[in-house]
Amino acid sequence: MSEIVPPEVRPKPVVPAKPSHVAPHSSGPFVPSPQGTGGEGRGSALLGYIGIDTIIEQMRKKTMKTGFDFNIMVVGQSGLGKSTLVNTLFKSQVSRRTTSWSRDEKIPKTVEIKSVSHVIEEGGVKMKLTVIDTPGFGDQINNENCWEPISKYINEQYEKFLKEEVNIARKKRIPDTRVHCCLYFISPTGHSLRQLDIEFMKHLSRVVNIIPVIAKSDTLTLDEKTEFKQRVRKELEACGIECYPQKEFDEDMEDKSDNDKIREAMPFAVVGSDKEYQVNGKRVLGRKTAWGVVEVENPNHCEFSLLRDFMIRSHLQDLKEVTHNIHYETYRAKRLNDNGASGGNRKNTD
Amino acid sequence: MQRNLEGYVGFANLPNQVYRKSVKRGFEFTLMVVGESGLGKSTLINSLFLTDLYSKDYPGPSQRIKKTVQVEQSKVLIKEGGVQLTLTIVDTPGFGDAVDNSNCWQPVINYIDSKFEDFLNAESRVNRRQMPDNRVHCCLYFIAPSGHGLKPLDIEFMKRLHDKVNVIPLIAKADTLTPEECQLFKKQIMKEIQEHKIKIYEFPDTEDDEDSKLIRKIKEKMPLAVVGSNVVIEVNGRKVRGRQYPWGVAEVENGEHCDFTVLRNMLIRTHMQDLKDVTNNVHYENYRSKKLAAVTCNGVDATKNKGQLTKSPLAQMEEERREHVMKMKKMETEMEQVFEMKVKEKKQKLKDSEAELERHHEQMKKNLEAQYKELEEKRRQFEEEKANWETQQRILEQQKLDASKTMEKNKKKGKIF
């Protein structure tokens, strides 16, 4: 694990301070291997409690003190519920919602990049969450190359990080503005992916972790949903687009089986809402229509909870790691190669 | 100057006569649907006319992948209560689906204009008995339910088409929106429509109080938010058409759920004739006057059909016939040319291949001769060598013989001591 990104540990409900067993459990013949060296891959039996496993607790304490950052980018046509979904994911008003579409907030003529940062805290852990919005994407009549400003932005963040890394006097903790995750919102047509979707994902799946989601999925009935998902998955495969979690980065069988389950369920069909309604005596987040209430967190209604668990509760650290170890390294290698090829000329274009 | 009658004359029966004649003739109606793919256009058409215009055997344009905007029309004959309706649905697959959608409205405009032109020509012909009315009477424009407002593409399209056809904007897949969102969205759309001065279809005012109340209610609901479905679901013992969700059933014909019934009533039951009239009196007349003004301004202009209106009917017929004959002649000469060219090509090819074969043959012969010569040369060499070797052998033999002879002589002479 790199030392720049402080390792984030999944918060466990109870962290034991000291294990309960003290004596070694093997009462048979002693293994004549050196003890006390702490598991050099051979699982040697320990003769006493050393305390190596408290490293987890130490890391946790450190993380709580330093906090960590997470940068998420949302891309999709206007009106697909991006801001609402981000607000629902992080249960707070982190994204400016365009409910009142006043004259000043018309659709911008070119794709803009707007990033808003908030610090949210939970269980003593601080997270600096940055939401990068891309208004104007796919809204014009002519949408050629509308992914270019986004691609440029992502590469700029990598460049910033690279510059800091290459510095002689490095900062103790380089501020990480790289995009860790890109949520791409697919319009719920029920037919297939649009040309624009395929072009965008083709260009950016090698640069950033893309998680496609089906927006406003309360438009689709269950059958339409499964059909649509299948078609989308087939199209993505046919075009050679690899979304997060990428197959090539599965480390072991356990990872692979977990990730396979997730890949089967992708893209997630989500519904977002920050209003609460009363259903069967409980207060739930949802959307109230004339024929029923769509519950956001009900797995029978939509897959929002799947997305949230996947993104935040199990793969948050993995997203950051893949960004750092793979996407950033690819960028870095390319840049340094270019630099070397042109004889140390620093002013290279990508 | 209204006069009161003193007896019963009977012309109050006129509407019935008109009615009977029209029923015999049957009606025609052309409806165009425009919108991005996946907005439920085909489903809505099926729901409106309760037929499967697009079914599993004949999948609608939505199931096919298109690269450019096409304009496709399908005709269907519906009968109800003795009245025939020839319904033509014009679909525009590929609209707004590409990455670059500039001018995607051009094929649509061309289609509408061509239908107007056909009608204009049919009107000006000598033989006018069969004048089918294929003009587009109504254009349903589907707006995606983003909840925000109109997209630049929507505004461009409607601006370009409001002068040519009756545009009725609809909010597609309206079960995405909650009632509040729907209200806001509708207000926003109407505001933008007025801002950009888009002339959507206006309902005519009537003197009847009841009707005008209805019309006012409809006007408030514009643009209509529709949901389409032909699947019948049971709700509380009733059978309704709707969409089944895990949280409830969105009923298509329920006025509280969506405005489908309003659309259907308006389109079919009350205002179909009015749509046709407006198309005929307003849009078609606009087109006609523009076209004819262009002719009279220029005198002789490029399009060949305009000269017809100033000539007498006989001359016009002559001209038509002449044109036809010329066209035939041109086609014939063209075909002959193509034929000639093909024959020449084939001949040339044959010649070429013949020459090739000749060359090949020559070369083979040459090769063969060269090989033969080589072999001859080798054989000669071999013979020479053999001869040399033989002579050498003979010399050696001779020498050996000589040597042995001298040895013999020496021995005999007794030189060995």
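Owing to the predicted nature of the structure, the values given are computational and were not obtained by experimental measurement. (Residues numbered from 1 in each chain as written. Chains lettered and ligands numbered in written order. Predicted model: local features only at pLDDT ≥ 70, side-chain atom pairs only at ≥ 80, totals over all residues. Heavy atoms only, no water.)

Visitor: Before we go on, may I ask you to explain the sheet that holds strand S5 (residues 210-214) of chain A in this structure?
Guide: Sheets are built from strands paired through backbone hydrogen bonds, the pairs being either parallel or antiparallel. Residue and element names in this part refer to chain A. Pairing in this open sheet of six strands is mixed, and the strands run S2-S3-S1-S4-S5-S6 from one edge to the other. In the strand order of this sheet, the two ends are held by strand S2 (114-122) and strand S6 (268-269), each with one partner. Both strand S4 (residues 181-186) and S5 contribute to a ladder of five bridges, which runs parallel. The residue bridging Cys-182 from the neighbouring strand is Ile-210, located in S5. (Pairing = 2+ DSSP bridges. Helix = DSSP H or I, 4+ residues; strand = E, 2+ residues; numbered from the N terminus.)

Visitor: It is not clear to me how the packing of aromatic side chains should be interpreted in this structure. Could you clarify?
Guide: What characterises a pair of aromatic rings is the spacing of the ring centres plus the angle enclosed by the ring planes. Residues and elements named next belong to chain A. Tallying each qualifying case throughout the model produces 15 aromatic pairs over all chains. Where Phe-137 meets Phe-200, the ring centres are 5.1 Å apart and the plane angle is 75 degrees; that geometry is what we call edge-to-face. Here Phe-200 lies in helix H4 (residues 195-204) and Phe-137 lies in the loop between strand S3 (125-133) and helix H3 (148-166), a separation of 63 residues in the sequence. Taking 5.9 Å as the distance between ring centres and 50 degrees as the angle between the ring planes, the aromatic pair formed by Phe-268 and Phe-310 counts as tilted. Remark: Phe-310 occurs in helix H7 (residues 304-314) and Phe-268 occurs in strand S6; sequence separation between them is 42 residues. Here Phe-268 and Phe-310 have matching classes, each one buried. Chaining the aromatic ring pairs together yields one cluster made of Tyr-158, Phe-161, Tyr-328 and Tyr-331. (Phe/Tyr/Trp six-rings, centres within 6.5 Å; stacked < 30°, edge-to-face > 60°. Buried < 20%, exposed > 50% of the residue type's maximum accessible area, 1.4 Å probe, protein only.)

Visitor: Got a minute to help me understand the interface of chain A and chain B in this structure?
Guide: Taken together, the contacts link 38 residues of chain A with 41 residues of chain B. Residues Arg287(A) and Glu181(B) are paired through a salt bridge, measuring 2.8 Å at the closest nitrogen-oxygen approach. Elements supplying a minimum of two residues to the side of chain A that touches chain B: H4, helix H5 (222-238), strand S8 (282-289) and strand S9 (292-295) of chain A. Its residues assigned to classes, the side of chain A that touches chain B comprises eleven nonpolar, 16 polar and eleven charged. (Contact = heavy atoms within 4.5 Å. Salt bridge = Lys/Arg side-chain N within 4 Å of Asp/Glu carboxyl O. Nonpolar A, V, L, I, M, F, W, Y, C, P; charged D, E, K, R; others polar.)

These results come straight from atomic positions and should not be treated as a statement about function.
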